[in-house]
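Observations on the model geometry
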Amino acid sequence: MLSSEKLDEELLKMSDHFTDELFDVATVQKRMIKFPVSRLLVDPERFESDEDEVMSSVGMGCIYEKTHSGEALKQASMIRDELISRYYRPHHEKLTNLVYECIQSDSKCLIIDCHSFPKRPLPYELHQEVERSEICIGTDHFHTPNKLTDALVDGFENQGFSVSVNKPFSGSIVPMQFYQRDKRVQTVMIEIRRDLYMNEESGEKLIGFDAVKSKISNVISNLAQYDNA
């Protein structure tokens, strides 16, 4: 329901730009799963049922109805079932299968849920504090051990970043088959503030992009020490 110009603006504001590159840590990752379409079409991080999803209160359940500023984005009710069947459920099935494979081979699984966020809060966000740390660590009370959170906070602070936990965003993805049931599945969300690596007005990478990527790689690589602690 947006003009091309408005849609481009929305993509700039809402996309997790370049996170697949920033978190490409080939030395430690066993698997990487990337959602194939924009969250403006389907957001796989949200609960499928709007009754379970707090962001549905602002028109941003797994199928967005509103933009970042509250404008009408699409008539979600007309295409909701099709989008969930085509994108949401296949993605979660793939994620679930990867977690099963990981447990079978290693007896445990660590999910690192990778995102980015703007320097200034957007109107739809539940937390509107202007001052935001450069790194946000999101946790789940059941699936995120304290020592994992501490390892990431210490790691990013040692790399020179300011860090907050569950602020401005909280939680981390877990397949529903394991959610609140199986502690062998651990999860943590890492959110990188976009102004660290890109121009938020143009969408272009900054000169320091590779340096930020290297620091992220150092932190995630050092999680092997946490795993063996």
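Our subject is the structure that appears above.
Residues numbered from 1 in each chain as written. Predicted model: local features only at pLDDT ≥ 70, side-chain atom pairs only at ≥ 80, totals over all residues. Heavy atoms only, no water.

1. Examining the nonpolar core
Ile 135, Ile 137, Leu 152, Phe 156, Ile 190, Ile 192 and Ile 216 are the most contacted members of the largest nonpolar core, which totals 23 residues. When contributions to this core are tallied by element, the ones reaching two or more residues are strand E2 (135–138), helix H4 (146–158), strand E4 (185–193) and helix H5 (209–221). A total of five residues in this core trace back to one element, the largest contributor, which is H5. If we ignore the near neighbours within four places in the chain, the residues touching Ile 137 are Thr 149, Leu 152, Val 153, Phe 156, Val 163, Ser 164, Val 165, Asn 166, Phe 169, Val 188, Met 189 and Ile 190. Among the nonpolar cores identified, the runner-up in size contains twelve residues, and Met 55, Met 60, Tyr 64 and Leu 122 belong to it. (Core = buried A, V, L, I, M, F, W, Y, C linked by side-chain atoms within 4.5 Å. Buried < 20%, exposed > 50% of the residue type's maximum accessible area, 1.4 Å probe, protein only. Helix = DSSP H or I, 4+ residues; strand = E, 2+ residues; numbered from the N terminus. Contact = heavy atoms within 4.5 Å.)

2. Regarding the pattern of salt bridges
Here the structure, examined in full by the defined rule, presents 14 salt bridges. Asp 50 is paired through a salt bridge with Arg 80; the nearest N and O atoms lie 3.7 Å apart. Residue Asp 50 is found in the loop between helix H2 (19–22) and helix H3 (76–106), and its partner Arg 80 is found in helix H3; the two are separated by 30 residues along the sequence. The partly exposed category is assigned to Asp 50, whose relative accessible area is 30%. Measuring nitrogen to oxygen at the nearest pair gives 2.6 Å for the salt bridge that ties Arg 193 to Asp 195. The class for Arg 193 is buried, based on a relative accessible area of 9%. Beyond isolated ion pairs, a larger network of salt bridges with shared partners links Asp 16, Arg 39, Asp 43, Arg 46 and Arg 194. (Salt bridge = Lys/Arg side-chain N within 4 Å of Asp/Glu carboxyl O.)

3. Examining empty space enclosed by the protein
With a probe scaled to a water molecule rolled over the atoms, the places where space remains empty come into view. Throughout the structure, instances matching the rule amount to one cavity of 30 Å³ or more. What the largest cavity holds in volume is close to 40 Å³. Broken down by class, the residue content of the lining of the largest cavity amounts to one nonpolar, three polar and four charged. (1 Å grid on protein atoms, 1.4 Å probe; cavity = no way out; pocket = protein on both sides within 12 Å on 5 of 7 lines; lining within 4 Å. Points joined across faces, edges and corners; volume = space filled by probe spheres on them. Nonpolar A, V, L, I, M, F, W, Y, C, P; charged D, E, K, R; others polar.)

4. Some details on unusual backbone geometry
A negative phi angle is the norm for most residues apart from glycine, just as the trans form is the norm for most peptide bonds. For the peptide bond that leads from Lys 167 to Pro 168, omega is 10 degrees, which places it in the cis range. Its place among the elements puts Pro 168 in the loop between strand E3 (163–165) and E4. Of note, Phe 18 is a non-glycine position whose phi angle comes to about 65 degrees, a positive value. Examined against the element boundaries, Phe 18 turns out to sit in the loop between helix H1 (4–14) and H2. In this model, Gln 180 sits at a positive phi of 60 degrees, which is unusual for a non-glycine residue. With respect to the secondary-structure elements, Gln 180 resides in the loop between E3 and E4. The exposure class of Gln 180 is partly exposed, given its relative accessible area of 29%.

5. Details of the sheet that holds E2
Reading across from one edge, E1-E4-E2-E3 is the order of the four strands in this open sheet, with mixed pairing throughout. Both outer strands of the open sheet, strand E1 (109–117) and E3, are each paired with one neighbouring strand and no more. On average, each strand axis in the sheet is tilted by 20 degrees relative to the strand beside it, whichever way the strands run. In the sheet, E2 pairs with E3 via three bridges, with the strands oriented parallel. Following the sheet pairing, Cys 136 is matched in E3 by Ser 164. (Pairing = 2+ DSSP bridges. Axes fitted to C-alpha atoms, helices over the stretch in contact; angles between N-to-C directions.)

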